[in-house]
Amino acid sequence: HDWSFPVTDIDLDALKRREPGKVFAWHDEGDVAVLEAFDGAETRLKGATRLVPIGDGATLDNEYYYLQIAMAGRRSDRAYNFQADGQVTYTSGGFVAGNFGSSYIIASGGGKAAKKGSYRFEDYALIVDSPDGQERRFFAISADQEAEAPGEVIIEGEVYWLRK
C-alpha cells in the first residue's frame, strides 16, 4: 500500500465503503499469493515477499540506511540508527550535482539536524517518541529474516539496508 502509516491503523470498514477496489482477502498457494477482490476477481502474485512485524517489544542494535540516486544527479540519503536501549537517531541529507555550462556544480540541501528519540515496535508500527511529538511509521521485515538483526527493513514502503 502507499500509505505512510501502519496497515493496522486503517479503519477497514470505512475503507471498504470508500475504496472497495483497494481491499482484498488473500491466501497462499505455494509460492503464489492470491488476492481476491470483493467482486470475485483474483490477482496471482508469484514469488511475492511476505512482510511480517518485527515483534512487539523487539529492539535493534544496528543502523539501516536508504540511498536513492536519481536522474539529473540527485542523491538522497536517510538512516535510522537503532540502539538496544530503545533510542534511535534519524538522519537525512542529499545533494544535486551536474554540469552547468562548462563547469561542474554541486548543490547541497543544507545540513539537517539529526532527530533523536526513543522507539518501540507495535505490530506493523515503528513508534518514535521525541521532543517533537510521536510519529507512527509502517515497519516490517520479510518473513525469511531473523528479527534480531534483519539484513533489510521496510519503513514507509522503502527498503533500508543494514549498514555493515
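Residues numbered from 1 in each chain as written. Predicted model: local features only at pLDDT ≥ 70, side-chain atom pairs only at ≥ 80, totals over all residues. Heavy atoms only, no water.

### A short note on the sheet that holds strand S2 (residues 32-37)
- Here three strands make up an open sheet; going across it, the order is S1-S2-S3 and the pairing antiparallel. Of all strands in the sheet, those with a lone pairing partner are strand S1 (24-29) and strand S3 (42-46), marking the two edges. Direction aside, neighbouring strands of the sheet carry axes that sit 20° apart on average.
- As defined by bridge partners, S2 adjoins S3 across five bridges and the pair is classed as antiparallel. Across the sheet, residue Glu36 finds its bridge partner in S3, namely Glu42. (Pairing = 2+ DSSP bridges. Helix = DSSP H or I, 4+ residues; strand = E, 2+ residues; numbered from the N terminus. Axes fitted to C-alpha atoms, helices over the stretch in contact; angles between N-to-C directions.)

### Describing unusual backbone geometry
- Although it is not a glycine, Asp123 sits at a positive phi angle of roughly 55°.
- When its relative accessible area of 32% is taken as the criterion, Asp123 is described as partly exposed.
- We note that Glu156 has phi near 50°; this positive angle belongs to a residue other than glycine.
- On the secondary structure map, Glu156 appears in the loop between strand S12 (152-155) and strand S13 (158-162).
- For Glu156, a relative accessible area of 30% puts it in the partly exposed group. (Buried < 20%, exposed > 50% of the residue type's maximum accessible area, 1.4 Å probe, protein only.)

### Brief notes about the environment of Arg18
- Positionally, Arg18 belongs in helix H1 (residues 12-18).
- Classification of Arg18 by relative accessible area gives exposed; the value is 69%.
- A sequence separation of 16 residues divides Arg18 from Val34, and the C-alpha atoms of the two residues are 23 Å apart.

### Here's the deal with the pairing of strand S7 (residues 87-100)
- Two strands pair when backbone bridges link them, and strand S6 (residues 74-82) and S7 are joined in this way by nine bridges, in the antiparallel orientation. Paired with Arg74 across the strands is Val96, a residue of S7.
- The turn linking S6 back onto S7 is made up of four residues, and Gly86 within it adopts a positive phi angle of 90°.
- The pairing of S7 with strand S9 (residues 115-122) spans four bridges and is classified as antiparallel. Within S9, the position partnered with Val88 by the bridge is Gly117.
- One ladder, built from six bridges, connects S7 with strand S8 (residues 103-108); its direction is antiparallel. Residue pairing in the sheet places Gly98 in a bridge with Ile105 of S8.

### A few points about the side chain of Ser142
- In this structure, Ser142 sits in strand S11 (residues 133-142).
- In terms of polar contacts, Ser142 uses its side chain to reach the side chain of Gln145, at 3.0 Å.
- Sequence-distant contacts of Ser142, that is, excluding residues within four places in its chain, are made with Thr49, Arg50, Leu51 and Val52. (Polar contact = N/O pair within 3.5 Å; in protein donor to acceptor, adjacent residues only side chain to side chain. Contact = heavy atoms within 4.5 Å.)

### Re the pattern of salt bridges
- Under the defined criterion, the tally for this structure stands at eleven salt bridges.
- With a shortest N-O distance of 4.0 Å, Arg44 and Glu42 are connected by a salt bridge.
- Accessibility expressed as a relative area gives 47% for Glu42, which makes it partly exposed.
- With a shortest N-O distance of 2.8 Å, Arg120 and Asp129 are connected by a salt bridge.
- Owing to a relative accessible area of 32%, Arg120 belongs among the partly exposed residues under this scheme.
- Linked by salt bridges that have partners in common, Glu29, Glu42 and Arg44 make up one network. (Salt bridge = Lys/Arg side-chain N within 4 Å of Asp/Glu carboxyl O.)

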